[in-house]
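Examining the three-dimensional arrangement
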Amino acid sequence: MSLAIPSTTLLKGARLQMTRGARGTVASRRVAVRVNAISADRGSESKIQVGVRHSMRVTRLRDIVEVSPDLWGLTESSAVPNKKATRGDGLTQATIFKELLLASKHFRLYSQKIHGDGDVYGVRFLMGSPRMEGLDDVFRVTRCVAERDEGLMNLVPDSSGMMVAEIMFPLAMPLDNTIEDLSSLVRAIETQIIEESTVCLMEKGSDDRSVFHGERRLNKYFTGMYARAPDLLHRGTCTSSSPTPGALEASNEMLHRLWEGEESADVVLIDEVRTRVEELFCGGNGRAVVHPSGTDAETMPLLQAVLASRALARRVPESDRPTDFRDGTQRGNVISLVACAGEVGSGTTEAAEGRFFSKAVPLGGNRVDMGQELPALHDLAAMESVELVARGGDTDVGRGKSDYDATVEAEAREALASDPAAVVVLHTVAGSKTGLVMPSPAVADTLTAEFGERVVSVLDACQMRHHPDLIPRWLNDQGPILMTSSKFFGGPSFGSAVFFPHRVVDTMNDQLAEESPATVAAIAEACASYLTHHDIGDVLPKLHDAMPPGFCNSGVLLRWAAGLHEMETLNETTEANGGIANTEKHVRAWVQAMREEAQKFSPHLEYVPAVDYEGDWQLGGVNTIIAVRLRSGPDEDFFSTADLKKVYALMTADLTEFISPESTMAERRVASQKCLTGQPVDIPGGSVLRTVLGAAQLKDLVSGKQPLDQMIEDDRVLLSKLALIARQYDYLLSHSL
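Notes on the structure follow.

Here is what the cut-offs are and how they apply
Residues numbered from 1 in each chain as written. Predicted model: local features only at pLDDT ≥ 70, side-chain atom pairs only at ≥ 80, totals over all residues. Heavy atoms only, no water. Helix = DSSP H or I, 4+ residues; strand = E, 2+ residues; numbered from the N terminus. Buried < 20%, exposed > 50% of the residue type's maximum accessible area, 1.4 Å probe, protein only. Contact = heavy atoms within 4.5 Å. Areas by Shrake-Rupley, 256 points an atom, 1.4 Å probe, with all protein chains shown as cover. Pairing = 2+ DSSP bridges. Axes fitted to C-alpha atoms, helices over the stretch in contact; angles between N-to-C directions. Phe/Tyr/Trp six-rings, centres within 6.5 Å; stacked < 30°, edge-to-face > 60°. Lys NZ or Arg CZ within 6 Å of the ring centre and 35° of its normal. Arc of directions from axis to C-beta. Salt bridge = Lys/Arg side-chain N within 4 Å of Asp/Glu carboxyl O.

Our focus in this paragraph is the overall build of the protein chain. The helix and strand inventory of the protein chain stands at 23 helices and 20 strands. Expressed as a percentage of its 737 residues, the buried residues of the protein chain come to 58%. Considering only residue pairs separated by 6 or more positions, the protein chain has 71% of its internal contacts joining residues 24 or more positions apart. Of the roughly 28,700 Å² of accessible surface on the protein chain, a fraction of 49% belongs to carbon and sulfur atoms.

Turning next to the sheet that holds strand 19 (residues 678-681). Pairing is antiparallel across the open sheet formed by four strands, whose spatial order is 16-17-20-19. Strand pairing shows two members of the sheet lacking a second neighbour, strand 16 (605-608) and strand 19, which therefore form its edges. When the angles between neighbouring strand axes are averaged without regard to direction, this sheet yields 35°. Pairing analysis gives four bridges linking strand 16 to strand 17 (residues 625-630), with the strands arranged antiparallel. If you follow E606 over to strand 17, its bridge partner there is R629. Each of strand 17, strand 19 and strand 20 (688-692) touches helix 19 (residues 641-651); the most contacted strand, strand 19, lies at about 170° to it.

Tallied over the full model, the rule gives 12 aromatic pairs. The interplanar angle of 45° and the centroid separation of 5.1 Å between the aromatic rings of F97 and F169 together place this pair among those described as tilted. You can see F97 sitting in helix 2 (residues 90-102) and its partner F169 sitting in strand 6 (residues 163-169), a full 72 residues away along the chain. F97 sits in the buried class, given a relative accessible area of 0%. Residue classification places F169 among the buried residues on the basis of a relative accessible area of 0%. Measuring from centroid to centroid gives 6.1 Å for F357 and Y530, while their planes differ by 15°, and the two rings are stacked. Pair noted here: F357 is in the loop between helix 8 (348-352) and helix 9 (377-380) and Y530 is in the loop between helix 14 (517-527) and helix 15 (533-536), with a separation of 173 residues, a long-range link. Residue classification places F357 among the buried positions, given a relative accessible area of 9%. An aromatic cluster is built from F97, F107, F125 and F169, whose rings are joined through pairwise contacts. In this arrangement the basic side chain of R209 is found over the ring face of F494, its NZ or CZ atom lying 4.4 Å from the centre.

Moving on: the pairing of strand 20. Counting buried residues in strand 20 gives five out of five residues, a clear majority hidden from the surface. Here strand 20 shows no split at all, with V688, R690 and V692 on one side and L689 and T691 on the other all buried. Relative to strand 20, strand 17 runs antiparallel, the two being bridged by four bridges. Bridge assignment links V628 to a residue of strand 20, and that residue is L689. In the sheet, strand 19 pairs with strand 20 via two bridges, with the strands oriented antiparallel. Paired with G678 across the bridge in strand 20 is R690.

Before going further, it helps to examine helix 11 (residues 441-451). Those residues of helix 11 that sit buried are V443, A444 and L447. When helix 11 is viewed along its axis, its buried side chains cluster within an angular range of 95° and face the same direction. The inward-facing, buried residues of helix 11 abut helix 10 (404-417), strand 11 (422-430), strand 13 (455-460) and helix 12 (470-477). Of the residues flanking the end of helix 11, it is G452, one or two places downstream, whose phi is positive at about 55°.

In the structure shown here, the tally under the stated rule is 34 salt bridges. The salt bridge partner of E568 is R276, with a shortest N-O separation of 2.8 Å. You can see E568 sitting in helix 17 (residues 554-576) and its partner R276 sitting in helix 6 (residues 265-281), a full 292 residues away along the chain. On the basis of relative accessibility, which here comes to 22%, the residue R276 falls in the partly exposed class. Here R595 and D612 are joined by a salt bridge, their closest N and O atoms 2.7 Å apart. Of this pair, R595 sits in helix 18 (residues 579-598) while D612 sits in the loop between strand 16 and strand 17, and the two are 17 residues apart along the sequence. For R595, a relative accessible area of 13% puts it in the buried group. For D612, a relative accessible area of 35% puts it in the partly exposed group.

In space, the four strands of this open sheet follow the order 3-4-6-5, with antiparallel pairing throughout. Taken across any chain shown, the strands that pair with only one partner, and hence form the sheet edges, are strand 3 (107-115) and strand 5 (153-157). Each adjacent strand pair in this sheet contributes to an overall mean axis angle of 35°, direction not counted. Against the sheet, helix 3 (residues 135-148) contacts strand 3, strand 4 (120-127), strand 5 and strand 6, and its axis sits at roughly 130° relative to strand 4.

Here is the structure:
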């Protein structure tokens, strides 16, 4: 017996339903008129043109395929039966069906095959909505939709071997009103095509963390773009999430708006996303540049530092600079201090020094090497990053180094003293993977007060587990902010933005104006793997104008639509139920209860005490991340990161068939619950797994949809399953993983 993690069962949609009497679209009503004219007086010759290949245009901008079904072509036979067609026979049904497909933008590549003695007609087609990025996407959508309802629609090879969908006419079911019933059928198929196309496009425009596999289309975090399963206990918003059904519907609606909009739809919709997120978080104190993920968002503070350092280099005597910078090029010099190294995004260090952190890039379809320099940017400035690990040793479990602030400040001062044109990118982390806030805000206050524009004071707020006052305050007092829609808020992975204070936006625009067109073009080239000009918008006009033309990043747009759904609905729930003070009471109640529960499963689980911070650094003033270590028994070592990655995977599966035969019925019930936790984090004393409070849970608590005691009962099952896996770890690994 093999233990497969995860199951690769496709999330099944509802079977196609032909609803009689449904209101037809304008397109279907036009088709009805045209088909009536054809079928009313059909002679011995079909009016379908034969032997004509479909036309296809592949645009170079984003390689979007637009297949134009202007003419029909018969794939395997051009013979048309020489007999009178009566209403309801296969020929009439096939003709009506094809006319309906012609009126829809969701079908591609049409052909026809006559089966048997000419009484059965097969209509063959591909399915895929506008903005598909290639025929592979069209084939994928076709396969998914066809496999949902093999009784009606089958995948068959055409003469070239390409798999296409085929529906045979006459249909097996009786039709009362041929045109109306077939219109309902086409609309039902369209619904499934749109669902699959939405998911397909949501997967686009990201890095290699968003490579999806299997029929369930899951990434390495066991999440994807299909709506999260209702039987999944989701406590992993510190890592990755699949969309809720409501969030997926928001993405679907956004995609419809993109399809239905004019040529300006890309501009309008990305600008709308920017405006909505600014209104939710910035308090009028900043502007947003949209990004695919929180890691590549490091590009924007880096750009701010490059421009600032080059501006200094133009003012500082070259003789005062280090020898490497006395070449007349006025190159900048940027040093990024990566705080909480190991507890922020795994590619942060590379991204912070202008290097690719992933072999796949969101835009352009290029493959790159890990650590490869972004194009052109390193010609403008020297860049390096310094990793500053926040924890050390086995003492003071759960807390950071006591001398961490002094270490960070000393590194910054050393870098600034090395070159009068040097600029330091200082990261303050507002919630690491385990909830640390480090270095303390006093470090940023001290350094910015003394060095001014030579310190780019960045707030890493990607976990988004803070009080709403933090972002507008930081924008007013300090500098840019990295944020996401895909951590606490549980939007699909990934979506991000960088908030810039207005004064920083003004300064960057002035500095861009001082640079030569060639330099601005080089900066645009460096950004083009991550950003479109739509993502930059009117925040940095000169950079916007230098970016390549083209469509928006559809994947980012749709993932942000889902994330905004979670953000806005939590905000609405908060306002409708006593405001932020009441919401924070629910946060504290859940955290307190979970901390108590996590200590009840010793010796197999060890709760790692969390750090709470005063002020606006945490929502409710508490750490909403519960970290635990696992071990098989009281005298055993704690599980390593590699072990915990296997536990993380096991938690997503129904383990009923694989646990020990001596397991109790209670243990079997626990084993059957599928759970998603946060991924393991390697910290001194032993790696930890995390279970967290996310926006969807918080909405349920605040609205009263799920009382606290019921939610804690669910969380108790999750902790029980962790303990069960720890106890039976060796037995479970005896199966083939």
